[in-house]
Amino acid sequence: MFHSFISFLRDENGAISVDYTVLSAAAVGMAIAATAIITGGIQNLTQQIDAELRARQLNDTFIAFDSSHFEPLYAVSMLSEDAALELWNAANAQMNQDLIDQLQAGITKIQEGTITEQELTELFAVASVIYQRNVVDDSVLEYYFGFGGGEPFGGAPAPTG
């Protein structure tokens, strides 16, 4: 009986599948452990990058207040240059996506005829910043705000509300 037991221990038939099973389990276990460790690090790095990008604007020193963008509002005494500068500074402090969202909502109100004078003045500031940052197609801004020298609102009278 002892001889049979020794023979069984020395026999290597079928042992390779056990070896690969153990090695495969170890590889899967290591992959799961590595994923858990890396996931935490990636989430932390993503949060740091997000916070850094939100904390500062990318280089936009080429952006400057352009009083001519507000000429249609000056012409109807809806806004003074000092008030325009204040509105422009507030708009320039915003992220591009926020400006785009405001522009879309404002254009919808212009089309519906429901925009108020205050909303219109703020919208001109938003459009001025977007125009200079080159975020939206210039033809849209030229049509609605007259930045290219044309009539704002496609030549229609300024909305009031």
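First things first, this report covers the structure right here in the doc. (Residues numbered from 1 in each chain as written. Predicted model: local features only at pLDDT ≥ 70, side-chain atom pairs only at ≥ 80, totals over all residues. Heavy atoms only, no water.)

### A short note on a nonpolar patch on the surface
- Side chains of Leu-45, Ile-49 and Leu-53 sit close together on the surface and give an oily, nonpolar patch of about 270 Å² of accessible area.
- Secondary-structure assignment places Ile-49 in helix H2 (residues 15-55). (Patch = residues over 30% accessible without salt bridge, like charges linked within 9 Å, V, L, I, M, F, W, Y side chains within 5 Å. Areas by Shrake-Rupley, 256 points an atom, 1.4 Å probe, with all protein chains shown as cover. Salt bridge = Lys/Arg side-chain N within 4 Å of Asp/Glu carboxyl O. Helix = DSSP H or I, 4+ residues; strand = E, 2+ residues; numbered from the N terminus.)

### Examining unusual backbone geometry
- A positive phi angle is found at Ser-77, which is not glycine, with a value near 55°.
- The topology assignment puts Ser-77 in the loop between helix H3 (71-75) and helix H4 (81-92).
- Ser-77 gets classed as exposed once you look at its relative accessible area, which sits at 67%.
- For Asn-134, which is not a glycine, the phi torsion comes out positive at approximately 60°.
- Residue placement: Asn-134 occurs in the loop between helix H6 (117-133) and helix H7 (138-145).
- The class of Asn-134 is exposed, set by a relative accessible area of 57%. (Buried < 20%, exposed > 50% of the residue type's maximum accessible area, 1.4 Å probe, protein only.)

### Some details on the packing of aromatic side chains
- Counted by the stated rule, this structure contains 7 aromatic pairs.
- With centroids separated by 4.9 Å and ring planes inclined at 85°, the aromatic side chains of Tyr-143 and Tyr-144 adopt a geometry described as edge-to-face.
- Judged by its relative accessible area of 13%, Tyr-144 is buried. (Phe/Tyr/Trp six-rings, centres within 6.5 Å; stacked < 30°, edge-to-face > 60°.)

### What about the side chain of Ser-128?
- Here Ser-128 is to be found in helix H6.
- A polar contact of 2.7 Å, which involves the side chain of Ser-128, links it to the side chain of His-69.
- In terms of polar contacts, Ser-128 uses its side chain to reach the side chain of Trp-88, at 3.3 Å.
- Among all residues touching Ser-128, those that are not within four sequence positions of it are His-69, Phe-70, Trp-88 and Phe-147. (Polar contact = N/O pair within 3.5 Å; in protein donor to acceptor, adjacent residues only side chain to side chain. Contact = heavy atoms within 4.5 Å.)

### Thoughts on H4
- Spanning 12 residues, H4 covers 16 Å between terminal C-alpha atoms, matching the ideal 16 Å at 1.5 Å per step.
- Within the sequence span of H4, burial applies to Ala-84, Leu-87, Trp-88, Ala-91 and Asn-92. All buried residues of H4 project into a common sector of 135° when viewed along the axis, lining one side. The exposed set on the far side of H4, more than 90 degrees from its buried face, consists of Asp-82 and Glu-86.
- Buried-residue contacts for H4 involve H3, helix H5 (96-112) and H6. (Expected span 1.5 Å × (residues − 1). Arc of directions from axis to C-beta.)

### Here we look at H7
- Looking only at H7, the buried set comprises Leu-141, Tyr-144 and Phe-145. An end-on view of H7 places all buried positions within 80° of arc, on one side of the element.
- Of the surrounding elements, those touching the buried residues of H7 are H3, H5 and H6.
- Looking one or two residues past H7, Gly-146 carries a phi angle of roughly 70°, positive in sign.

### Description of the nonpolar core
- Ranked by size, the top nonpolar core spans 28 residues in total, and within it Phe-70, Leu-103 and Phe-145 carry the most contacts.
- Broken down by element, this core gets its largest block of residues, 8 residues, from H6. (Core = buried A, V, L, I, M, F, W, Y, C linked by side-chain atoms within 4.5 Å.)

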